[in-house]
Amino acid sequence: HPSLAVSRAALLPPPGGPGEPAGQELPVESRPFASYGSALHIALPQPPRAGQLLTLLIDYEAGEGPGGSGGTPGTPGTGDSGRVCWLSPEQTAGKQKPYMYTQGQAVLNRSFFPCFDTPSVKFTYSATVKVPEGFTAVMSATSWEKQKDNTFVFKMSQPIPSYLIALVVGDIVSADVGPRSRVWAEPCLIEAAKKEYDGVIEEFLVVGEKLFGPYVWGRYDILFMPPSFPFGGMENPCLTFVTPCLLAGDRSLVDVIIHEISHSWFGNLVTNATWGEFWLNEGFTMYAQRRITTEVYGLPYTCLEAATGRALLRQHMDATGEDHPLNKLRVVIEPGLWGINPDDTYNETPYEKGYCFVSYLAHLVGNQSKFDAFLQAYVNRFKFQSITADDTLGFFLEYFPELKEKGVDSIPGFEFDRWLNTPGWPPYLPDLSPGQQLMRPADELAELWAADSLNMEAIEAVDITGWRTYQLVYFLDQVLQKSPLPEGNLKRLSKLYPKISKAQNAELRLRWCQIILKNNLEAEYSKVKDFLHSQGKQKYTLPLYRAMWGGSEATRALAMETFSATAPQLHVNVQNYVKKILGLAAAE
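Rules behind the numbers
Residues numbered from 1 in each chain as written. Predicted model: local features only at pLDDT ≥ 70, side-chain atom pairs only at ≥ 80, totals over all residues. Heavy atoms only, no water. Axes fitted to C-alpha atoms, helices over the stretch in contact; angles between N-to-C directions. Helix = DSSP H or I, 4+ residues; strand = E, 2+ residues; numbered from the N terminus. Parallel < 35°, antiparallel > 145°, perpendicular 65-115°, else oblique. Left-handed = near helix turned anticlockwise from the far one by under 90°. Contact = heavy atoms within 4.5 Å. Nonpolar A, V, L, I, M, F, W, Y, C, P; charged D, E, K, R; others polar. UniProt positions renumbered as here; feature names shortened; annotations may be inferred. Expected span 1.5 Å × (residues − 1). Buried < 20%, exposed > 50% of the residue type's maximum accessible area, 1.4 Å probe, protein only. Domains from an automatic or database assignment. Buried area = accessible area lost by both parts, 1.4 Å probe. Polar contact = N/O pair within 3.5 Å; in protein donor to acceptor, adjacent residues only side chain to side chain. Core = buried A, V, L, I, M, F, W, Y, C linked by side-chain atoms within 4.5 Å. Arc of directions from axis to C-beta. Phe/Tyr/Trp six-rings, centres within 6.5 Å; stacked < 30°, edge-to-face > 60°. Lys NZ or Arg CZ within 6 Å of the ring centre and 35° of its normal. pLDDT = per-residue confidence, 0-100. Pairing = 2+ DSSP bridges.

Novice: Tell me what's going on with the packing of helix H4 (residues 279-297) against helix H7 (residues 368-382), and back it up with residues and numbers.
Specialist: Geometrically, a packed helix pair is captured by the angle between its two axes and the distance between the axes. Running from amino to carboxyl end, H4 crosses H7 at an angle of 135 degrees, the nearest separation of the two axes being 13 Å. When the axis of H4 is compared with that of H7, the two are oblique. In terms of crossing hand, the pair formed by H4 and H7 is left-handed. Taken together, the residues of H7 that come into contact with H4 (itself represented by Leu280, Phe284, Tyr287 and Arg291) are Gln368, Phe371, Asp372, Leu375 and Tyr378. For the contact of H4 with H7, a count of residues per class yields six nonpolar, one polar and two charged.

The structure is reproduced here in C-alpha cells:
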C-alpha cells in the first residue's frame, strides 16, 4: 500500500545455526501491481529448495501515506493511509485518549504490514506490540499475554488469511460474560456491555456447534469499538469488532452477533479463495445465522428478519439496475492497474442473493437435517482452506450422488452456472410466509395509524409490548411508507408508544428519526440531532442526512447544524459521504 514504506530486507540465519545475527541484506524493489497496492520483490541470494524454511526480516514504517492523514490529530488515518485508523480523543466514547484500530477486509492489511494480501493464502502469526502507559493492545489471536514495559505478545495458532489479522490500541478494559467469552470496551461502556451480553454469547456458540461442528478458535470475545466505527461488525477471529450501537440496553440487538459468530465456520474456517466469490463467505454465513436464529427464536421471527434482508436486496437492485455486473454471485475482479478494487464491490448481493442460492441447495435436498449434516461435512472437508464455488458445488454433488444423477446443476432457469454468472434477481426465493403471523398485525396497526380519523379503541386493543425488534422495525417501515400521516396522528403515536419514541435501540431510533423528518415533527427534531451525536455508523448516518437534505428548509438547517457539530467525531470516509449529500466540497 502506498502508505507503507519498506526500508530494508535481510535473510536471517536458521534458528540456532551459524551466520550473522543481523542477517544478510537483500535487494528490495517495489513494482506496479494494482491501483490499491504494489508488489514487493525481494531477491534471494540463491534459489531455495522446496520445503526449505526461510526467515526474512523486513524493516518498514506504516501509517503515513502520500496525502494521507496518518498521524495528524483530529483526522482518522484513512483515505490514502489505508486502514490503520488513528482516532483523536473526540472520536472515542470517553473523549479523553486517542485510539487506533486496523480494518483488514478486503485488501487493506497491506497498509499495516507487508503480506500476501489475498484470502487464498492462510498462515499462523505472532506479534509483539509495545504501547504507551495507560493503553492496552488486543489482537485477533488465540493467546495473548502482557509483559513488562507495557508490551503485549500475541499468537494465532490456527492458519488464517491476512484480512483477519486485527489490532486495537486504546484505553480499553474487559469483563467476562461466559466460560469462553469476554467483552472489551472503553471504561465508560464496559458496564453496559457486560449487562447486555452476559450469558447470551455461550447460548449462540452452543447452537452453532450443534449445527456446524466444533468451535475451533478457543475464545470468542467481542470488542465494542468507538462510536465513530463506520461498520456494524468485523468477524476477526477470537475477537469480533462491533459497533457500540448494539448496546440497546434491553438485549434487543444481540442477534446481530449471531451473524459474526456464524463466520467462525463460514468465512474464517472455510474461506473464499478470491474476493470475486465473496458469497461463499457471506451467503453461507447468512444461511447459518438464520439457522441459529430459527433454533433460538423460532421460524416466524427468522422469516421476518429475512424479509427485511430481502427488502434491502430489492432496494439495492432497484438503485443499481438488476443487470449491473455486481449483481452476480461471481464478480470478475481482475488485478492490474485498471482492475476493480475488491473494496468497491461490497453490496447486498453476496449476502442476500448468496443466501437464496444456499437456500436453493437446501430446497434441492428437501430435508433440513440432511442439509445440516451436509454443512457440517462441508466445514470438516474444507476447514483451514480457501476454496472456489466450483469446490463447494462439486462437493455438494459428490455428497448427494442421487442429486448429481438427476442433473440438478442444470435444471432450466436454475442452472448453477446461471446462479453464479447471470446478474439480477435470484431465480429462487425461500418461502418466508411463516413470518406473516408477525407481519400481519404490524401491517394492520400501521393502517390504523394512517387513517384520517383515528380509531383509538382498535389501536389500544393491539398490545405491542411483546414485539421483538424486527417486528417493530417492520411496523415502522410501514408507517414510514405511509408518511406523512394525517395531522396530529404522529404526536399521538409518539405518546402512546414510548417503547418506540424513546427507544435506545439504534434500528428503532433510525426509523423513528426518518418518520420524524418525513412528517416534519419539529417538536422531536432534537431526537435526530441526539442520535447523530451518539454514533457515526454509515448505515444510520447517511440515510438521515439524505432525508434532512431532501426535506424542508428547517430540516436542511438541522442537517448543516448537526454536521458542523459532529464532523470531527466521524470517520473520514463518512465525513466525505455526508459532504457529498450536503453539496459541500469533500476533503482531499
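Novice: Could you give an account of the UniProt feature "active site" (unreviewed entry) in the protein, naming the residues involved and the relevant values?
Specialist: Summarizing the sequence annotation, UniProt attributes the feature "active site" (unreviewed entry) to Glu260 and Tyr351 in the numbering used throughout. A compact arrangement is adopted by the annotated residues: their sequence extent is 92 residues, whereas the largest C-alpha distance between any two is 13.0 Å. Within the secondary structure layout, glutamate 260 lies in helix H3 (residues 256-262). Among residues more than four places away in sequence, those in contact with glutamate 260 are Tyr220, Gly233, Met234, Glu235 and Thr240.

Novice: Residue-level account of helix H18 (residues 538-549), with values.
Specialist: Its twelve residues give H18 an end-to-end C-alpha distance of 16 Å, which sits within 8% of 16 Å, the value for a rise of 1.5 Å per residue. Burial in H18 covers these residues: Tyr540, Thr541, Leu542, Leu544, Tyr545, Met548 and Trp549. Where the residues of H18 are buried, they touch helix H16 (506-518), helix H17 (525-534), helix H19 (553-566) and helix H20 (572-581).

Novice: Explain the domain arrangement of the protein to me, and be specific about the residues and the numbers.
Specialist: The domains assigned to the protein are domain 1 (1-63), domain 2 (80-264), domain 3 (270-421) and domain 4 (437-582). At the junction of the two partners, domain 1 supplies ten residues and domain 2 supplies ten residues. With both chains or domains summed, domain 1 and domain 2 bury close to 870 Å², and 65% of this area falls on carbon and sulfur atoms. Considering only the side of domain 1, the residues that lose the most area to domain 2 are His1, Tyr36 and Gly63, jointly responsible for 49% of the buried surface there. Taken together, the connections running from domain 1 to domain 2 amount to two residue pairs in polar contact (both at pLDDT 80 or more). Going through the elements one at a time, strand E4 (37-42) and strand E5 (55-61) are the ones with two or more residues in the side of domain 1 that touches domain 2. Looking at side-chain class alone, the side of domain 1 that touches domain 2 contains six nonpolar, four polar and no charged residues.

Novice: Describe the nonpolar core, listing the residues and the values that go with them.
Specialist: In terms of nonpolar packing, the biggest core is built from 176 residues, with Tyr197, Phe396 and Phe475 touching the most fellow members. By residue number, the principal contributor to this core is helix H6 (residues 349-365), which donates ten residues. With sequence-adjacent residues up to four places away left out, tyrosine 197 is seen in contact with Val177, Val183, Ile222, Phe224, Leu246, Leu247, Arg251, Leu253, Val254 and Ile257.

Novice: Break down helix H14 (residues 489-496) for me, with residues and values.
Specialist: When we look at burial in H14, the residues that qualify are Asn489, Leu490, Leu493 and Ser494. The buried residues of H14 all sit within an arc of 135 degrees when viewed along its axis, so they share a single face. Set apart from the buried face of H14 by more than 90 degrees, the exposed residues are Lys491 and Lys495. On its buried side, H14 packs onto helix H11 (436-449), helix H13 (469-482), helix H15 (498-501) and H16.

Novice: Could you give me a rundown of the packing of aromatic side chains, with the residues and numbers involved?
Specialist: Tallying each qualifying case throughout the model produces 47 aromatic pairs. Pairing tyrosine 360 with tyrosine 428 gives two aromatic rings, centres 5.5 Å apart and planes at 50 degrees, and the pair type is tilted. Of this pair, tyrosine 360 sits in helix H6 while tyrosine 428 sits in the loop between helix H10 (416-421) and H11, and the two are 68 residues apart along the sequence. For the pair tyrosine 360 and tyrosine 428, one class covers both residues: buried. Measuring from ring centre to ring centre gives 5.7 Å for tryptophan 449 and tyrosine 497, while their planes differ by 70 degrees; the resulting arrangement is edge-to-face. Separated by 48 residues along the polypeptide, tryptophan 449 in helix H11 and tyrosine 497 in the loop between H14 and H15 bring together distant segments of the chain. Tryptophan 449 gets classed as buried once you look at its relative accessible area, which sits at 0%. Lying over the aromatic face of tyrosine 301, arginine 468 brings its terminal NZ or CZ to 4.8 Å of the ring centre. The ring of tryptophan 549 has arginine 556 lying over it, and the distance from NZ or CZ to the ring centre is 4.1 Å.

Novice: Quick one: what's the story with the confidence of the model for the protein, residue by residue and with numbers?
Specialist: With 95% of its residues at a pLDDT of at least 70, the protein reaches an overall mean of 91. Ignoring residues within four places in sequence, the model shows residues 65-81, a span with pLDDT below 50, making 49 contacts including any to other chains.

Novice: Go over the sheet that holds E5, please, and point to the residues and values.
Specialist: Taken together, three strands build an open sheet; the order of strands is E2-E1-E5 and the sheet is antiparallel. Bordering the open sheet on either side are strand E2 (24-26) and E5, each of which pairs with just one other strand. Here the average twist between neighbouring strands, direction ignored, is 30 degrees. In the sheet, strand E1 (residues 5-12) pairs with E2 via three bridges, with the strands oriented antiparallel. Across the sheet, alanine 10 pairs through a bridge with glutamate 25, a residue of E2.

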